[in-house]
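What follows is each chain in one-letter form.
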Amino acid sequence: ILCGNSGSSLRHRGVSVGFGGTKTTRNTPDLFPSSRYVAPKGSGHGLAGDDVIYVADKNNRVIRRVAVDGTTSLFCGQPGNNAIVNGSCLAGGLLEFPTHIVGDGAGNFYVSEWGQHVIRKISAAGVITTYLGQAGVMGWADGAANTSVLSHPSEAVWDGARGLLWFFDHDGGNRLRNFDGTLVTTLFGPKTSMYVSGSFADGTDPRFSYPEGLTLGGDGTLYIADVGNNRIRRTVSN
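A brief structural summary.

**Looking at the side chain of Asn174**
Part 1 of the argument: When you line up the elements, Asn174 lands in the loop between β14 (164-169) and β15 (176-179).
Part 2 of the argument: Exposure remark for Asn174: the relative accessible area of 11% places this residue in the buried category.
Part 3 of the argument: A polar side-chain atom of Asn174 sits 3.2 Å from the main-chain carbonyl oxygen of Phe208.

Following this line, the structure appears as C-alpha cells:
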C-alpha cells in the first residue's frame with residue numbers, strides 16, 4: 001500500500017511499501033502518513049518521466065497529488081464540495097464526481113466527471129475548465145467539444161502519437177470515443193441510437209459491456225478490460 005488504507009488505498013508495483021493511512025470514511029488534512037481516501041477511482045501521471053501520481057478521489061470530490069515518498073497534497077477542488085465550477089484548482093474550482101484522471105505528458109490533465117457527463121481539463125497552470133460535453137446533459141452526440149453530448153464518461157487514455165484523447169461512455173452503448181482537438185468521434189460501439197441490444201460483438205462494429213480499463217500499447221493498440229463480458233480485448237486505432 002502506497003497511501004490510504006486497506007479499503008481505499010493506492011498500491012505501487014504490486015508491492016506493499018509500508019505507507020500509512022487509517023480506515024475512515026471522510027477526508028482529513030493532507031499530512032502524511034494520515035492521508036485518507038474515499039473510493040479513489042483512477043490515477044495518472046502529469047509529466048513524462050514524472051513519478052508523481054495524481055488520484056481522482058471520487059467521494060471526496062477532489063484530485064490528490066501523491067509524491068514519490070508518499071506525501072499527499074490537495075491538487076484540485078475542495079473536499080466535500082461537489083459542483084461543476086471552473087476556475088483556479090485551489091481557489092474556487094470545484095469537481096462534482098471525478099472518476100478518472102489522465103495526463104498528456106505536458107502537464108495537462110483530463111478528468112472524467114461521471115455524474116455530470118463531462119470531461120474537465122486541468123491546465124498546466126492549474127486552471128480547471130469544462131473540456132468536452134455539456135454539464136448535466138446526458139445522451140450521445142458527436143461533434144465539437146462544447147456541443148458534443150456524453151453519457152457517464154469513465155476510463156480515458158492519452159494517445160500522444162496521434163494527439164487523441166480516448167475515452168469510454170458507459171451508459172447506453174458503452175461507446176469508445178476520441179477527441180482530436182476539434183471533434184468528438186465515436187469509433188467503436190453503436191452510432192445510430194443511444195440504447196442498443198447486445199453486449200458483445202467483435203469485428204468492425206463491436207459491442208462492450210461495462211468496460212472498466214483502457215490502456216494504450218506502444219504500437220497504438222488499445223487494450224480494454226471488458227468486465228461484463230469477462231474478456232480482455234484489443235483494437236488498433238486509426
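**Here's the deal with the pattern of salt bridges**
Part 1 of the argument: For the coordinates displayed, the defined rule picks out 6 salt bridges.
Part 2 of the argument: Residues Arg177 and Asp169 are paired through a salt bridge, measuring 2.6 Å at the closest nitrogen-oxygen approach.
Part 3 of the argument: The class of Asp169 is buried, set by a relative accessible area of 2%.
Part 4 of the argument: By sharing partners, the salt bridges in this structure join Asp142, Asp169 and Arg177 into a single network.

**Considerations on the state of the cysteines**
A covalent bond bridging the sulfur atoms of two cysteines is what the word disulfide describes.
Part 1 of the argument: Within the structure shown, the criterion is met by 1 disulfide.
Part 2 of the argument: Between Cys76 and Cys89 runs a disulfide, and the two sulfur atoms are separated by 2.3 Å. Around the S-S axis, the bridge from Cys76 to Cys89 shows a dihedral of about -75° and counts as left-handed. Residue Cys76 is located in strand β6 (residues 72-76), and its partner Cys89 is located in the loop between β7 (87-88) and β8 (98-103); the two are separated by 13 residues in the primary sequence.

**Observations regarding the sheet that holds strand β10 (residues 118-122)**
Part 1 of the argument: The strand order β7-β11-β10-β9-β8 describes an open sheet built from 5 strands, whose pairing is antiparallel. The sheet is open, and its two borders are formed by β7 and β8, each paired with just one other strand.
Part 2 of the argument: Direction of pairing for β7 relative to strand β11 (residues 127-133): antiparallel, over a ladder of 2 bridges. Paired with Ser88 across the bridge in β11 is Val127.

**Digging into the pairing of strand β4 (residues 53-57)**
The two faces of a sheet get side chains in turn, since along a regular strand they alternate between them.
Part 1 of the argument: Most of β4 is tucked away, with 5 of its 5 residues classed as buried.
Part 2 of the argument: Here β4 shows a buried face lined by Ile53, Val55 and Asp57 and a second buried face lined by Tyr54 and Ala56.
Part 3 of the argument: Across 5 bridges, β4 lies against strand β5 (residues 62-66) in antiparallel orientation. By the bridge assignment, Ala56 is partnered in β5 with Ile63.
Part 4 of the argument: Between the end of β4 and the start of β5, which pair antiparallel, lie 4 residues, with Arg61 showing a positive phi angle near 65°.

**Regarding the pairing of β14**
Part 1 of the argument: The buried count for β14 comes to 6 of 6 residues, which makes it a mostly enclosed element.
Part 2 of the argument: Burial along β14 is two-sided: Leu164, Trp166 and Phe168 and Leu165, Phe167 and Asp169, pointing in opposite directions, are all buried.
Part 3 of the argument: Relative to β14, strand β13 (residues 153-159) runs antiparallel, the two being bridged by 5 bridges. In the strand pairing of β14, Pro153 is matched with Asp169.
Part 4 of the argument: What sits between β13 and β14 in their antiparallel hairpin is a turn of 4 residues, with Gly163 showing a positive phi close to 65°.
Part 5 of the argument: Where β14 and β15 come together, 4 bridges link them in antiparallel fashion.

**Concerning the packing of aromatic side chains**
Part 1 of the argument: Counting across every chain of the model gives 7 aromatic pairs.
Part 2 of the argument: With a centroid separation of 5.4 Å and an interplanar angle of 70°, the aromatic rings of Phe75 and Phe109 are classed as edge-to-face. You can see Phe75 sitting in strand β6 and its partner Phe109 sitting in strand β9 (residues 109-113), a full 34 residues away along the chain. In terms of burial, Phe75 and Phe109 fall into one category: buried.
Part 3 of the argument: Chaining the aromatic ring pairs together yields one cluster made of Tyr110, Tyr131, Trp158 and Phe179.
Part 4 of the argument: Taking the ring centre of Trp140 as reference, the NZ or CZ of Arg175 above it sits at 4.5 Å.

About the cut-offs
- Residues numbered from 1 in each chain as written.
- Predicted model: local features only at pLDDT ≥ 70, side-chain atom pairs only at ≥ 80, totals over all residues.
- Heavy atoms only, no water.
- Helix = DSSP H or I, 4+ residues; strand = E, 2+ residues; numbered from the N terminus.
- Buried < 20%, exposed > 50% of the residue type's maximum accessible area, 1.4 Å probe, protein only.
- Polar contact = N/O pair within 3.5 Å; in protein donor to acceptor, adjacent residues only side chain to side chain.
- Salt bridge = Lys/Arg side-chain N within 4 Å of Asp/Glu carboxyl O.
- Disulfide = S-S within 2.5 Å.
- Pairing = 2+ DSSP bridges.
- Phe/Tyr/Trp six-rings, centres within 6.5 Å; stacked < 30°, edge-to-face > 60°.
- Lys NZ or Arg CZ within 6 Å of the ring centre and 35° of its normal.

Spatial relationships are all this shows, so hold off on functional conclusions.
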